[in-house]
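Each chain is listed here by its residues.
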Amino acid sequence: MYEDNASDTVIGVLREIRTLARDGAPGDRLPSVRTLVARHHVSPLTVQAAIRTASAEGLVDVQPGKGSYIAAPRAETPTADLSWQSVALGPGRQGEEVLSSLLAVPSEHAITLSSGYIDSTLQPVTALGAALARAARQPTSWERGPIEGRHDLRGWFAREAGGRLRAADMTICSGGQPALATAFRGLAAPGDVLLVESPTYLGAIAAGRDAGLRVVPVPADADGVRPDLLADAFRRTGARLFYCQPLHANPHGGVLATSRRADVLAAAADAGAFIMEDDWARGLTIDGTPPPPLAADDVNGHVVYLRSLTKVVAPGLRVAAIGARGVAGTRLRTARVLDDFFVAGPLQAATIDFVTSPAWRRHFTALRSGLHTRRDALLAALRTHLPHLAPSTPPSGGLHVWLRLPEDVDESALVTAAAAQNVVVFGGRPWFAAEAPAPHLRLSIGGAPADSYDDGVRRLSRAFTTV
Ligand SMILES: Cc1ncc(COP(=O)(O)O)c(C=O)c1O
């Protein structure tokens, strides 16, 4: 039940409460906190934590000032027939399954080489906890606040983007994925074309399709999207929106080359189109200095800029900002209100506290070195156990290593065989909006410690021998 999160001492008290609830009658009073403290030699806080857990499990009723009582069990209900719902609902929404499998929580015995987030050892949990505690103590955090988000936080995101974006152009969202869904609905109409790099983030493909857009791929390589093909695609399809990740693109890690930036912007300007820049990996650079966002070079408002903090800080910090100048900015704000009103005040307050504290910079120094060690450990493991797959150019940042597999390898059979070896990897197919040119695997460095890659890749090489 809740034992995963409870300390051993809490579990000891909880066991007794569960036994009392099972053997007693509804309405019986539980022993007092003082009695449980004496019996288990623990603090009152520990006893209270156990009672709270039992209350969440529906085993006890806590009556303030009186004590805790055994709760009445839920009445047995006859088995329901819910099968009519499949007929009523028809087919599911596109992309739901693949996104759910991407976000599935792996078994604790598995080595996770597929995680889109950094694990707790890389997260600044102490500083985040302190920031959230301070935020929660400010009564104004719990107020409604402006729907587009706190002005100071919007200003911070705008300054980080550089260029001409101002606080007034930014809207705070609860993460990158909802921001993409909002942007695709707010800036395009069903039936319109959405151009995407190929391969690209499968959640963007899914959100585009869910908004009724026709998602058309434009080939990208290690230097980002090919500007000549992008210009062609704009001309041929009449698209007004192009989704791209200029920095450490997920899944392949490419960075849009300096020599291509002006041509990409010109292609969008010629087409009278928007570029949706997903800057999710800012802060995940391992080698060298990252180029500034494309938004910094944008003069006439063609770039819509998205920056989320979930990947670089912690998945629980579901705070992002989306920025656009002119009517596009207004459209985004309106679209977002329709989606979910506004982001929780305490989370916004904690974010501005954290990003303006010394802990913010300290976090990135530690993160860079942690990712460096993990990436190199993964590459070394590949060179040892699967040398024919090791990439010739390692990614200079981001969370993923993209492997092209031999033509005859059945990618999904390999993913299943790897799972049987207790190593979680993700296949390449869903990252292509049209046919995949070859089978691929995406291996990630966010979710497993550096000393697990050798074993993980050894298991993966064993999986290879079975497909
Ligand atoms: C490129 C990219 N953009 C956006 C997202 C959405 O992330 P979040 O909603 O956690 O900010 C992801 C998550 O995997 C991603 O890889």
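Residues numbered from 1 in each chain as written. Predicted model: local features only at pLDDT ≥ 70, side-chain atom pairs only at ≥ 80, totals over all residues. Heavy atoms only, no water.

Caption draft 1: Structural view of the domain arrangement of the protein. Looking at the assigned domains, one finds that the protein contains domain 1 (3-70), domain 2 (96-123 + 361-465) and domain 3 (125-357). Here domain 2 and domain 3 have C-alpha centroids that lie 25 Å from each other. Interface area for domain 2 against domain 3, summed over the two sides, is near 2900 Å², with a carbon-plus-sulfur share of 63%. Looking at the side of domain 2 facing domain 3, the largest losses of area belong to Tyr-117, Trp-431 and Ala-433, adding up to 22% of the total buried there. Put simply, domain 2 and domain 3 have 1 salt bridge between them. Across the pair Asp-287 and Arg-375 runs a salt bridge, and its minimum N-O distance is 2.7 Å. Applying the counting rule to domain 2 against domain 3 returns 12 residue pairs in polar contact (both at pLDDT 80 or more). Broken down by secondary-structure element, the contributors of at least two residues to the side of domain 2 that touches domain 3 are helix 5 (96-103), helix 14 (358-385) and strand 12 (400-404). The greatest single-element share of the side of domain 2 that touches domain 3, amounting to 8 residues, is contributed by helix 14. Counted by class, the side of domain 2 that touches domain 3 contains 18 nonpolar, 8 polar and 4 charged residues. (Domains from an automatic or database assignment. Buried area = accessible area lost by both parts, 1.4 Å probe. Salt bridge = Lys/Arg side-chain N within 4 Å of Asp/Glu carboxyl O. Polar contact = N/O pair within 3.5 Å; in protein donor to acceptor, adjacent residues only side chain to side chain. Helix = DSSP H or I, 4+ residues; strand = E, 2+ residues; numbered from the N terminus. Nonpolar A, V, L, I, M, F, W, Y, C, P; charged D, E, K, R; others polar.)

Caption draft 2: Molecular detail of the sheet that holds strand 7 (residues 224-225). Taken in spatial order, the 8 strands make up an open sheet running 4-11-10-9-8-5-6-7, and their pairing is mixed. Each of the sheet's edge strands pairs with one partner strand only, and the pair in question is strand 4 (170-173) and strand 7. Across 4 bridges, strand 8 (residues 241-244) lies against strand 9 (residues 274-278) in parallel orientation. Across the sheet, Tyr-243 pairs through a bridge with Met-276, a residue of strand 9. (Pairing = 2+ DSSP bridges.)

Caption draft 3: Spatial organisation of the site of the ligand. Near the ligand, the surroundings consist of 14 residues, among which Tyr-117, Gly-176, Asp-278, Ser-308 and Lys-311 are the closest. Residue Asp-278 places a side-chain N or O atom 2.6 Å away from a nitrogen atom belonging to the ligand. In this structure, Lys-311 approaches the ligand through a side-chain N or O atom, which is 2.5 Å from an oxygen atom. Burial of the ligand by the protein chains amounts to 96% of its free accessible area of 400 Å². Tallied by class, the residues present in the shell around the ligand amount to 4 nonpolar, 7 polar and 3 charged. (Near = heavy atom within 4 Å. Areas by Shrake-Rupley, 256 points an atom, 1.4 Å probe, with all protein chains shown as cover.)

Caption draft 4: The arrangement of the pairing of strand 10 (residues 303-308) in detail. By the criterion of burial, strand 10 is predominantly enclosed, with 6 of the 6 residues buried. Neither face of strand 10 is left uncovered, since the one carrying Val-303, Tyr-305 and Arg-307 and the one carrying Val-304, Leu-306 and Ser-308 both have all their residues buried. Across 4 bridges, strand 9 lies against strand 10 in parallel orientation. Along strand 10, the bridge assignment pairs Met-276 with Val-304. Bridging between strand 10 and strand 11 (residues 320-323) involves 4 bridges; their strand directions are antiparallel. Residue pairing for strand 11: Arg-307 is matched across the bridge by Ala-321. (Buried < 20%, exposed > 50% of the residue type's maximum accessible area, 1.4 Å probe, protein only.)

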